[in-house]
Amino acid sequence: MHDFVVVGAGPAGSRFARRAAEIGHDVVVFEQGMIGEPLACSGHVSTDIWAFTPDGSRDALLQNEIYGARFRLGGPDSEAYPFYKESVVSNVIDRVGLDRRLAQAARGAGADVRDHHTVTAVEEHRDRVEVTVRGSDGVETHEARLVAGADGPRSKVRSELGLPEPGETLHGVLGFEASPDDADFVDVHLTVPGFFAWRIPRGEAGVEYGLAASPGAEVGEWFEAFTDSYGATTTNRCSGLIPVGPPETVTGGRAFLVGDAAAQTKPFTGGGIRYGMLAADRAAETVDPHDPATLADYESAWRSELGREIRLGAWIRRGYSLPQAIQRLGLGLFSGEIGVHMDEPSTLFSREQLRAMFF
C-alpha cells in the first residue's frame, strides 16, 4: 500500500510528491498524458518561483525578465498607465519545461511518477483509498492511505469524491507569435468583460497573447479581435479553464486537493503556480498518511498562508468591472514606480508601496 497516490503531475502535484518523498513517504504519481502537455497556462511568474525548483532551473527555463506592466483601457494605441520597479518584477519561463523539471525532481526524491496513466475511478474506504488507473499495460487498481488530487480545474478526484466545486471557472485562451521580443514590460488590457487580455514578450521565444473571461462563444472572437489589434498572427493556440474562488473545503475522509483542483489561484490574474506549490508544501508538512485527521491541519495551514491574499485579490478583480472613468482615476493614482509583489495583494499596503507612491 502506498502512503499517497497523487493524481496530476503539474507544479502542485510534483512539488507535493517531491516533498513527501523527501520525508520518506511512499508516493506514486499519475499524469493523464505527457507531462507538461498540452500547455494551458501562461509562463509569466514571480521571481519567487526559483525557490521551488531544482538547481539549474533558472538557467534552463528563463526566457525574459520583466520590470513592469502597462495597463490600458483600450487597444495598443490607447493611453498607457505604467507600473514598474527598478529591479526585476517577474520572469517569463518555459512553462512546459517547468512541469518536466518539477516531475524529474520528484522522481529524484524517490517518488514513482508515471505519465500516460489516466485515473478512471477513486473510492474512499474506512482504512484506505482505491484508485483505478488505465495505462499502457491495461487497468490497475492502486491502494493508498490517502489520495492527493492535483488534477486541475476538472479534477477527477474532486468529482469522484463529491468535494465542492470552485466558486467560478474562467476560460483562458493563449496564442503565440514567433518573432523575438526582448522588451521588459508586459501589456495588460482591461477590455474583456470581467477580466483582461495580455501581451507578454518572451525574448527569443517570441510573444504570448492571451485573455480570460467567463466561458462563452465570445471568448474566441475577443481573442481574434485582440490579436488583430496588434497585427499579430498567432500559432500554437491553446486554451484551458481557470478556477477562481476556493470551495469551503478541499479535504475529504482520505483525500485532499491542491493547486488548481482546490482553486488555489490569484483571483485578479488567474495564476496559480506559486500558490499551488506553497499549498503543496503545507500539505507535505502537515498531513500524516497514517492519521487522516491531519487533513484538517492542511486545511488550516494553507488557508492561513493564502486566504488573505485570495480575499484581497478578489477585491482587486472587482475593479475590472468598474466604470471606465473610475478605472482611469485609479490607474492614474497608482501608476508609476511600485513596491508591490505580484503574488501578494497585501503588499498594496506595505511600507515599500507607500514610499513608492508618495516619495
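Residues numbered from 1 in each chain as written. Predicted model: local features only at pLDDT ≥ 70, side-chain atom pairs only at ≥ 80, totals over all residues. Heavy atoms only, no water.

Going by an unreviewed UniProt entry, the protein carries the name Dehydrogenase (Flavoprotein) and comes from Halapricum desulfuricans.

1. Topic: helix α7 (residues 295–318)
An α-helix turns once every 3.6 residues. As a result, residues three or four positions apart point the same way. To keep things clear, this is the line we draw: Secondary structure is summarised from DSSP: a helix means a run of H or I of at least four residues, a strand means a run of E of at least two, and numbering begins at the N terminus for each. One less than the residue count of a helix, multiplied by 1.5 Å, gives the span that helix is expected to have. Burial here depends on accessible area, computed with a 1.4 Å probe over protein chains only, as a share of the maximum for the residue type. Under 20% is buried, over 50% is exposed, and the range in between is partly exposed. Pairs of residues are marked as contacts when any of their non-hydrogen atoms sit within 4.5 Å.
With 24 residues, α7 extends 32 Å from end C-alpha to end C-alpha; this agrees with the ideal 34 Å at 1.5 Å per step. All buried positions along α7 are accounted for by Leu295, Tyr298, Glu299, Ala301, Trp302, Leu306, Gly307, Glu309, Ile310, Gly313 and Arg317. On its buried side, α7 packs onto β11 (138–149), β12 (168–177), β16 (235–244), β17 (255–257) and α6 (273–286).

2. Things to note about the environment of Val188
Locating Val188 in the fold gives a position in strand β13 (residues 185–189). Remark: the alpha-carbon pair of Val188 and Ile200, spanning 12 residues in sequence, is separated by 8.9 Å. Look past the residues within four positions of Val188 in its chain and what remains in contact with it is Ala69, Arg70, Phe71, Arg72, Phe196 and Ala197.

3. What to know about the nonpolar core
Spelled out, the test is: Think of a nonpolar core as a cluster: buried Ala, Val, Leu, Ile, Met, Phe, Trp, Tyr and Cys residues, connected wherever their side-chain atoms sit within 4.5 Å.
Membership of the largest hydrophobic core comes to 61 residues, with the highest contact counts inside it found for Phe4, Phe16, Val147, Phe256 and Tyr298. Element by element, the count of residues in this core is highest for α6, at eight residues. Not counting residues within four places of it along the chain, the set of residues in contact with Phe16 comprises Phe4, Val6, Ala148, Phe256, Ala280, Ala283 and Ala284. Judged by nonpolar contacts, the second largest core, of 25 residues, contains Val92, Val244, Phe268 and Ile338.

4. Quick look at the sheet that holds strand β4 (residues 62–66)
How we decide: Pairing between strands is defined by DSSP: at least two bridges between the two strands are required. Axis definition: a line fit to C-alpha positions, over the contact stretch in the case of helices; interaxial angles, taken between N-to-C directions, run 0 to 180 degrees.
In spatial order, the strands read β3-β7-β4; together these three strands make up an open sheet with antiparallel pairing. The sheet terminates laterally at β3 (44–46) and β4, the two strands that pair on one side only. On average, each strand axis in the sheet is tilted by 35 degrees relative to the strand beside it, whichever way the strands run. Pairing geometry for β4 and strand β7 (residues 90–93), over four bridges, is antiparallel. Bridge pairing in β7 links Leu62 to Ile93.

5. What about the domain arrangement of the protein?
Put simply, the test is: Each domain span listed reflects an automatic or database assignment of domains. Summed over both partners, the accessible area (1.4 Å probe) lost when two parts come together is defined as the buried area. Here, a salt bridge means any Lys or Arg side-chain nitrogen found within 4 Å of an Asp or Glu carboxyl oxygen. Any pair of nitrogen or oxygen atoms within 3.5 Å is treated as a polar contact; in protein, a donor-acceptor pairing is required on top of that, and neighbouring residues in sequence qualify only through side-chain atoms on both sides. Following the grouping adopted for this structure description, the nonpolar residues are Ala, Val, Leu, Ile, Met, Phe, Trp, Tyr, Cys and Pro, the charged ones are Asp, Glu, Lys and Arg, and the polar ones are all others, Gly among them.
By the assigned domains, the protein splits into domain 1 (2–320) and domain 2 (324–357). Its C-alpha centre places domain 1 at a distance of 25 Å from the equivalent point of domain 2. In total, domain 1 and domain 2 occlude about 2000 Å² of area from one another, counting both sides; carbon and sulfur atoms represent 61% of this. Contact with domain 2 buries area across many residues of domain 1, yet Leu73, Tyr81 and Phe83 alone supply 28% of it, more than any other trio. Summed over the shared surface of domain 1 and domain 2, the number is three salt bridges. A salt bridge links Asp343 to Arg274; its shortest N-O distance comes to 3.5 Å. Summed over the shared surface of domain 1 and domain 2, the result is 13 residue pairs in polar contact (both at pLDDT 80 or more). When residues of the side of domain 1 that touches domain 2 are traced back to their parent elements, those giving at least two are β3, β6 (80–84), α6 and α7. The leading source of residues in the side of domain 1 that touches domain 2 is α7, at five residues. By residue class, the composition of the side of domain 1 that touches domain 2 is 14 nonpolar, five polar and seven charged.

6. With respect to the packing of aromatic side chains
What counts, and what does not: Here a Phe, Tyr or Trp ring, Trp counted by its six-membered ring, pairs with any other such ring whose centre lies within 6.5 Å, and the pair is stacked when the planes are under 30 degrees apart, edge-to-face when over 60, and tilted otherwise.
A complete count under the given rule lists 12 aromatic pairs for this structure. A centroid spacing of 5.7 Å and a plane angle of 65 degrees characterise the contact between Phe196 and Trp198, whose relative ring orientation is edge-to-face. Classification of Phe196 by relative accessible area gives buried; the value is 8%. Arranged with centres 6.1 Å apart and planes meeting at 70 degrees, the rings of Tyr209 and Phe226 form a pair that is edge-to-face. Here the residue Tyr209 occupies a position in strand β15 (residues 207–213), and Phe226 occupies one in helix α5 (residues 218–229), the gap between them amounting to 17 residues. The same class applies to Tyr209 and to Phe226, which are both buried.

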